[in-house]
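# Examining the three-dimensional arrangement
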Amino acid sequence: MTQEYKVVICGAGPAGASASLFLSKEKIPHLLIDKSTFPRDKVCGDALSGKVFSHLKHVLPDVRSECCQLPTVFLPSYGVRFVAPNGKELDVPFVPNITATDPPPGFISSRLDFDDWLFQKAAAAPFAEVWQNAKLIAIAKQNGGLVLQLKKDGEALEVKTQLAIAADGERSLLRKFHTGTATRDRSSFSAGVRQYYRGVEGFHDMNFIELHFLPELLPGYFWIFPMPNGRANVGAGMLSSVVANRKVDLKKEMEKIIQEHPIISKRFVNAKPEGKTQGWGLPLGRKVGSISGDNLLLCGDAASLIDPFTGEGIGNAILSGRYAAEAALKAISTQNFLAKNLNSYDQIIRKKVGAELRLSSTLLRLCEQQWLLNFVVNKATRNPEFRDTISSMFADIDLRAKFANPIFYFKILFGDRWRLRRNGF
Ligand SMILES: Cc1cc2nc3c(=O)[nH]c(=O)nc-3n(C[C@H](O)[C@H](O)[C@H](O)COP(=O)(O)OP(=O)(O)OC[C@H]3O[C@@H](n4cnc5c(N)ncnc54)[C@H](O)[C@@H]3O)c2cc1C
């Protein structure tokens, strides 16, 4: 049996559900498929940055207030605690001088809950036809379009389309079809493990997420994120090339930290793990290649858009879903689904996130230097103005660029004479 749809979105995680919401906003009928049935889990740190909400508000105008009204699903978070290799802590609010009565800049929500919440919003829109338990198993070109072979509820079926939006994640079949390979460059890929806990103690009272830059994990980090309902998301991430070179067993490394680290282990004395430790890969946006082709647009992890420094990928998954829908609208209105026409999608994604991803790659390289991390945290704990600068950096890409500039470190080294000013240092 063959069915036809002008646009098919493959994968209904953050990238696919967002592409669907933005297509529905433009009144474009489409098919959204996922191999899973929602709610489904996804290995992740579960932290939702401000970027997530700045894009979703265009399709869900009350998104932030809705999240605030669902405290068992969304835990408001106001900042990040960096812990340097020497153990020194630096608390940085996401916005300078923010208080707990202000609207939260970010949230933490289990992917089981968040993805289902977003998926249900996409599925409720009248322009989306949604198939769960529908797995893409093969792709072929045919008559200026694509034929997608699916297994839906165990039955084989074919779907013809003029445009496939690949939102099928890290192991994307559509990406493999586009690039001709499933292998990833290990220096642009990170390994991550995650374990849920209940009863971890010692969190910041404004639910700061915690990044612990422990010497044994550099240039990666160990994280502890508070979650709704007294749970915690605990994990470790590291570049795959480093994992391979040093033959690191991330799960064991994480367990060792929890049991033996002199400070961290104390916070786990009354904690109980929930479920198993699980691992998954992070395709980092270090070298974003072509993300469009004839009848095809790649989004989210299928397009390798994860921030190399923070490991944050949900924001860019949603951003790319948004612009993929915009590119689909243009292709439909011009009736041109060829690579040349769809290439404007590559350009817009590069324009929106290219500089940010390049900068984060530089910051990742700097993180290999223990002394530098110790130095920055030491300085910032003593200098409130510098701390505010780091805060502002979350929202300001130009400010972040200064962190990749050696002159910046020279100036903070001589901070007494070279007063740090937010604009210009
Ligand atoms: C350990 C770890 C920690 C992370 N922590 C964070 C964090 O704290 N914050 C953050 O912002 N990002 C984090 N990330 C990154 C984030 O998880 C991803 O960037 C994000 O999930 C990408 O969304 P996506 O929609 O592109 O892909 P996914 O969320 O992977 O969704 C892909 C969807 O496609 C479906 N699918 C796959 N193959 C097929 C197929 N053949 N047919 C049909 N459907 C298919 C899947 O079922 C799934 O629903 C982390 C990642 C890892 C691994």
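See above for the structure.
Nothing here was measured: the structure is a model prediction, and the numbers come from that model.

Once that is clear, we can look at helix α1 (residues 14-25). In a regular helix each residue adds 1.5 Å, so twelve residues correspond to 16 Å; α1 covers 16 Å between its end C-alpha atoms and thus fits that length. Extensive coverage of α1 is indicated by the burial of eleven of its twelve residues. Buried within α1 are the following residues: Pro14, Ala15, Gly16, Ala17, Ser18, Ala19, Ser20, Leu21, Phe22, Leu23 and Ser24. A positive phi of about 60° marks Lys27, the residue just after α1.

Turning our eyes to something else, we now look at the pairing of strand β6 (residues 89-93). Strand direction decides the pairing type here: strand β5 (residues 79-83) and β6, joined by five bridges, are antiparallel. Bridge pairing in β6 places Arg81 opposite Asp91. With antiparallel pairing between neighbouring strands as the criterion, β5 and β6 make up a hairpin whose turn holds five residues, including Gly87 at a positive phi of roughly 90°.

Turning our eyes to something else, we now look at the nonpolar core. Among the nonpolar cores identified, the biggest contains 73 residues, and Phe114, Trp117, Trp131, Ile165, Leu174 and Tyr345 are the most heavily contacted of them. Here this core gets ten residues from one element, more than from any other, and that element is helix α9 (residues 314-334). In contact with Leu174, not counting residues within four places along its chain, are Cys10, Leu136, Ile139, Leu148, Ala164, Ala166, Asp168, Leu296 and Leu298.

Glancing now at the pattern of salt bridges. Inspection of the entire model under this criterion finds 13 salt bridges. One salt bridge connects Lys287 with Asp185, and the closest N-O pair in it is separated by 2.7 Å. One end of the pair, Lys287, is in the loop between β16 (272-283) and β17 (292-293); the other, Asp185, is in the loop between α5 (173-179) and β12 (189-198), with 102 residues separating them in the sequence. Judged by relative accessible area, which is 57%, Lys287 ranks as exposed. By relative accessible area, Asp185 is classed as partly exposed at 39%. Two residues, Arg267 and Glu210, come together in a salt bridge whose shortest N-O distance is 2.7 Å. Placement of the pair is Arg267 in helix α8 (residues 264-267) and Glu210 in strand β13 (residues 209-212), with a sequence separation of 57 residues. For the pair formed by Arg267 and Glu210, the shared burial category is buried.

Right, let's get into the sheet that holds strand β3 (residues 47-48). A sheet is described by the order of its strands in space; here three strands give the open sequence β3-β7-β4, paired in antiparallel fashion. Each end of this open sheet is capped by a strand with a single partner; those strands are β3 and β4 (75-77). Judged from the two bridges that link them, β3 and strand β7 (residues 106-108) form a sheet pairing that is antiparallel. Bridge pairing in β7 places Leu48 opposite Phe107.

Among the 36 residues in the neighbourhood of the ligand, the closest are listed as Asp34, Gly45, Arg111, Leu136 and Asp301. In this structure, Asp34 approaches the ligand through a side-chain N or O atom, which is 2.6 Å from an oxygen atom. Within the backbone of Ile314, a nitrogen or oxygen atom sits 3.0 Å from an oxygen atom of the ligand. Protein contact buries 94% of the 1000 Å² of open area that the ligand shows by itself. Looking at the shell around the ligand, the elements with two or more residues in it are α1, β9 (134-142), β14 (221-226), β16 and α9.

Attention now moves to unusual backbone geometry. Between Phe38 and the following residue, Pro39, the backbone shows a cis peptide bond with an omega angle of 0°. Topologically, Pro39 is positioned in the loop between β2 (30-33) and β3. Omega for the peptide link from Leu218 to Pro219 comes to 10°, which places this bond in the cis form. If you trace the backbone, Pro219 turns up in the loop between β13 and β14.

Parameters at a glance
Residues numbered from 1 in each chain as written. Predicted model: local features only at pLDDT ≥ 70, side-chain atom pairs only at ≥ 80, totals over all residues. Heavy atoms only, no water. Helix = DSSP H or I, 4+ residues; strand = E, 2+ residues; numbered from the N terminus. Expected span 1.5 Å × (residues − 1). Buried < 20%, exposed > 50% of the residue type's maximum accessible area, 1.4 Å probe, protein only. Pairing = 2+ DSSP bridges. Core = buried A, V, L, I, M, F, W, Y, C linked by side-chain atoms within 4.5 Å. Contact = heavy atoms within 4.5 Å. Salt bridge = Lys/Arg side-chain N within 4 Å of Asp/Glu carboxyl O. Near = heavy atom within 4 Å. Polar contact = N/O pair within 3.5 Å; in protein donor to acceptor, adjacent residues only side chain to side chain. Areas by Shrake-Rupley, 256 points an atom, 1.4 Å probe, with all protein chains shown as cover.

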